[in-house]
Each structure stands twice: as structure tokens, then as C-alpha cells.
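# Chain and residue survey
In case you want the letters, here they are:
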Amino acid sequence: MRHTEFWARMEQHLGAAYARTWATQQVMSELEGRTPQEALDAGVPPKQVWRAVWAALGLPDSER
């Protein structure tokens, strides 16, 4: 997964206006206590970050 796909999925589920805000404020234990944005900035693969976001949002398996 590329960063562009990650952000497209975030915007699809949270809306374009809220996705980036959520990604900078939601601290996740699955990402070692980082926000999704911090994890991406630290070099965590977007697919791994997406899996954590997917679980946190309770999205259906089809969105994994």
C-alpha cells in the first residue's frame, strides 16, 4: 500500500476534512503509542498503519 492509498482510505471513511486531523490526534497502542501520522513519519509502512486504523474504527473485513 502506498501513502496515497492510505490517505484515500482514510478520507473515504472519515471524510476529507477530518481524516488528517484524526490521524494526528488518535494515539494508538498498536502503533507503539504513536498517532497514525507519527507512525508514518517514523517509517512504519502504510499497510501496517492502516491495519491499526482499520481495527480502531471497527471497519468490515472487506476494508482491510
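Above this text you will find the structure in question.
The model shown is predicted, which means the values in this text are computed figures rather than measured ones. Every chain's residues receive numbers from 1 upward, in the order its sequence appears when written. Selection of residues for local features in this predicted model requires a pLDDT of at least 70, selection of side-chain atom pairs for listing and counting requires 80 or more, and totals for whole chains, interfaces and linings are taken over all residues. Where side-chain values are given, they derive from all heavy atoms of the structure, hydrogens and water being excluded.

## Considering helix α4 (residues 46-57)
Going along the chain from the N terminus, every DSSP run of H or I of four or more residues is numbered as a helix, and every run of E of two or more is numbered as a strand. A helix is expected to span 1.5 Å for every residue after the first. An ideal rise of 1.5 Å per residue puts 16 Å on twelve residues; α4 measures up with 16 Å between its terminal C-alpha atoms. Looking only at α4, the buried set comprises Pro46, Val49, Trp50, Ala52, Val53 and Trp54. Where the residues of α4 are buried, they touch α1 (3-14), α2 (16-25) and α3 (36-41). Positioned one or two residues after α4, Gly58 has a phi angle of 65°, which is positive. Only protein chains enter the calculation, and the probe is 1.4 Å; a residue is then buried if its accessible area is under 20% of its type maximum, exposed if over 50%, and partly exposed in between. A contact between two residues is defined here by any heavy atoms of the two lying within 4.5 Å.

## Brief notes about the nonpolar core
Among buried residues, those of type Ala, Val, Leu, Ile, Met, Phe, Trp, Tyr and Cys that are joined through side-chain atoms within 4.5 Å constitute a nonpolar core. In this structure, Phe6, Met10, Val49, Trp50 and Val53 are the most contacted members of the largest nonpolar core, which totals 17 residues. Of all the secondary structure elements, the ones that give two or more residues to this core are α1, α2, α3 and α4. It is α4 that contributes the most residues to this core, five residues altogether. In this structure, Val49 is in contact with Phe6, Leu31, Pro36, Ala39, Leu40 and Val44, ignoring residues within four places of it in sequence.

## Considerations on the pattern of salt bridges
Any two side chains of opposite charge can pair, given that their charged atoms come close. Basic side-chain nitrogens of Lys or Arg form a salt bridge, by our definition, when they fall within 4 Å of a carboxyl oxygen of Asp or Glu. This structure, assessed with the given rule, holds three salt bridges. The residue Arg9 makes a salt bridge to Glu5 at a minimum N-O spacing of 2.8 Å. Of this pair, Arg9 and Glu5 both sit in helix α1, four residues apart, roughly one helical turn. Since its relative accessible area comes to 33%, Glu5 is described here as partly exposed.

Geometric values such as these leave the question of function open.
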